[in-house]
Each structure stands twice: as C-alpha cells, then as structure tokens.
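# Examination of the molecular architecture
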Amino acid sequence: MTPGMFLDPYAAVIVIGGTAVAAMLRTRADDLGRALRALATLPRRRFSADPLLEQIASLSRIAQRHGAVALDRSVIADADLATAITMIVDGEGAEAVAEELRRRRRARAERHAAAADAWSAMAEAAPAMGMVGTLVGLVAMFTQMSDPRAIGQAMAVALLATLYGALLANLVALPIAARLRAAGRIEASERARIEAPVAELAAREAPRACRPVSFSPVREDVA
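None of the values given here were measured: they were computed from a predicted structure. (Residues numbered from 1 in each chain as written. Predicted model: local features only at pLDDT ≥ 70, side-chain atom pairs only at ≥ 80, totals over all residues. Heavy atoms only, no water.)

### Points about the overall build of the chain
- Counting its secondary structure elements, the chain contains seven helices and zero strands.
- Along the chain, from the amino end to the carboxyl end, the secondary structure elements read α-α-α-α-α-α-α.
- On C-alpha atoms alone, the chain measures out to a radius of gyration of 29 Å, which is more than a quarter above the 17 Å that the 2.2 N^0.38 rule sets for 223 residues.
- Across its three principal axes, the chain shows a C-alpha extent of roughly 125 × 30 × 20 Å.
- The buried share among the 223 residues of the chain stands at 37%.
- Once local pairs closer than 6 in sequence are excluded, the contacts in the chain between residues at least 24 apart make up 79%.
- Roughly 13600 Å² of accessible area belongs to the chain as shown, and the carbon and sulfur atoms make up 62% of that amount.
- In the chain, 27 positive and 24 negative side-chain charges are present, and the distance between their average locations comes to 4 Å. (Helix = DSSP H or I, 4+ residues; strand = E, 2+ residues; numbered from the N terminus. Rg over C-alpha atoms; globule rule 2.2 N^0.38 Å. Buried < 20%, exposed > 50% of the residue type's maximum accessible area, 1.4 Å probe, protein only. Contact = heavy atoms within 4.5 Å. Areas by Shrake-Rupley, 256 points an atom, 1.4 Å probe, with all protein chains shown as cover. Lys, Arg positive; Asp, Glu negative; His and termini not counted. Charge placed at Lys NZ, Arg CZ, Asp CG, Glu CD.)

### Quick look at the pattern of salt bridges
- Here the structure, examined in full by the defined rule, presents 19 salt bridges.
- Linking E99 and R106 is a salt bridge whose minimum nitrogen-to-oxygen distance equals 3.3 Å.
- Looking at E99, the relative accessible area reads 33%, which means it is partly exposed.
- Taking the relative accessible area as the measure of exposure, R106 reaches 42% and is therefore partly exposed.
- Between R105 and E195 there is a salt bridge, with its nearest N and O atoms 2.7 Å apart. Residue R105 is found in helix 5 (residues 94-142), and its partner E195 is found in helix 7 (residues 195-210); the two are separated by 90 residues along the sequence. (Salt bridge = Lys/Arg side-chain N within 4 Å of Asp/Glu carboxyl O.)

### Topic: the packing of helix 4 (residues 79-89) against helix 5
- Here helix 4 crosses helix 5 at 160°, and the two axes come no closer than 10 Å. One element, helix 4, and the other, helix 5, form an angle in the roughly antiparallel class. Remark: the crossing between helix 4 and helix 5 carries right-handed chirality. Along the contact surface, helix 4 presents A79, D80, T83, A84, M87 and I88, while helix 5 presents A96, V97, E100, L101, R104 and R108. (Axes fitted to C-alpha atoms, helices over the stretch in contact; angles between N-to-C directions. Parallel < 35°, antiparallel > 145°, perpendicular 65-115°, else oblique. Left-handed = near helix turned anticlockwise from the far one by under 90°.)

Nothing here speaks to function; it is geometry throughout.
Quick look at the structure:
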C-alpha cells in the first residue's frame, strides 16, 4: 500500500471545487474573504488586553501631568483604543466613550463569528460534495462495465471522493471554525476589560477638556 493509492485528481476536483462553489453561494463575498484572511491569525497567540491596560495606565499618567490634549500626540496601535483616546481628547464623556468601545467590540465579535460560520458552512458542504463524487464515480462505472480498467478508475473516484469529503470537513474546516470561534470569544472578553479604565480616564478628563476659560474682570477705578 502506497500513499499514491489515495490520490485521485478527479475526486479532489469534485470535492474541493464543489465545496468552494457551495461556500461562495452560501456566504457573502466579504465574509468569505474575511474567513480566508482569518487563516493568518491562527498561528498567533491568543489576544490579551494586558498590554492595552498598561498603555492606558501610561496615558492616564500623561493626562494627569499635561492634560488630555497631550494624549493626542501618543502613538496607539490598537484601533479601538486610538478611537477612544481621540474621543477623550475631543471632550467626550465617559458614557459616550464606553458605548463606542462596546459597539466596536460587538462589531468585531460579529465579524469573527461570520468568518467561523463560513468555515462551518464548508464543513457542512464537504461531505455532501463527497457523496456527489461517489455518485459521479458510480455512474461512470456503470456506463463502462465493458472496460475493466475504466471500472477501476471510476470506483476509485467514487470511494476517494467520500474519503476526501470526510477529511476536508473533520480535519480542516471544522477545526478552523472551532479555533476561530474560541479566539473570537477570548478577544471579546479581553477587550471588555479595557472599557472601565478608559471610561474612568474619560470621566476624569472630560471636565478638564470642556472647562470654559474664565476671565477675571478688570476693575477700573473711577477717579
């Protein structure tokens, strides 16, 4: 028995191509593209909010010393935190800043769920495409009963298509979907940790940012 016995291009084209077509028909183009790009995130470490919390503490010290306007010169790589800090510099209140962080966290979780759902859809389609390949192989076999060599090739397509569909679903698509869902849940819970300290920073700095400039009246003595 050699590995080459389990390789059949016709079966692979039916299963992989059929699964890809089914995914394109069932999933929006932007969600499907997001699902493919999400493959690059799988080797990364799970998201942690600890570096962001440290940066928030550093930004809080800067704001205490120099005011909220000084935060505008800070380099912030995380898009959510950068948006929140911009709102604080602009004088937004704590509730508005916290709500924006919650909105962005929910949107991010929905995008992660859509990417995982796309891979789940592929996992559902792959065994069905394997059955399609099996039926195609059986039809080819019964229409060429007079040629023993053709019968063997058709039978190989029929059996290997089922094998490819099961492997694609259970060893590729389903594990990817499960890992993406787990990573999305972890990131959502970790990002929830930054909402309270950012809201506290906004509450402390908003009065300073919005405080009107007061002028002392000039007293004129009438001689």
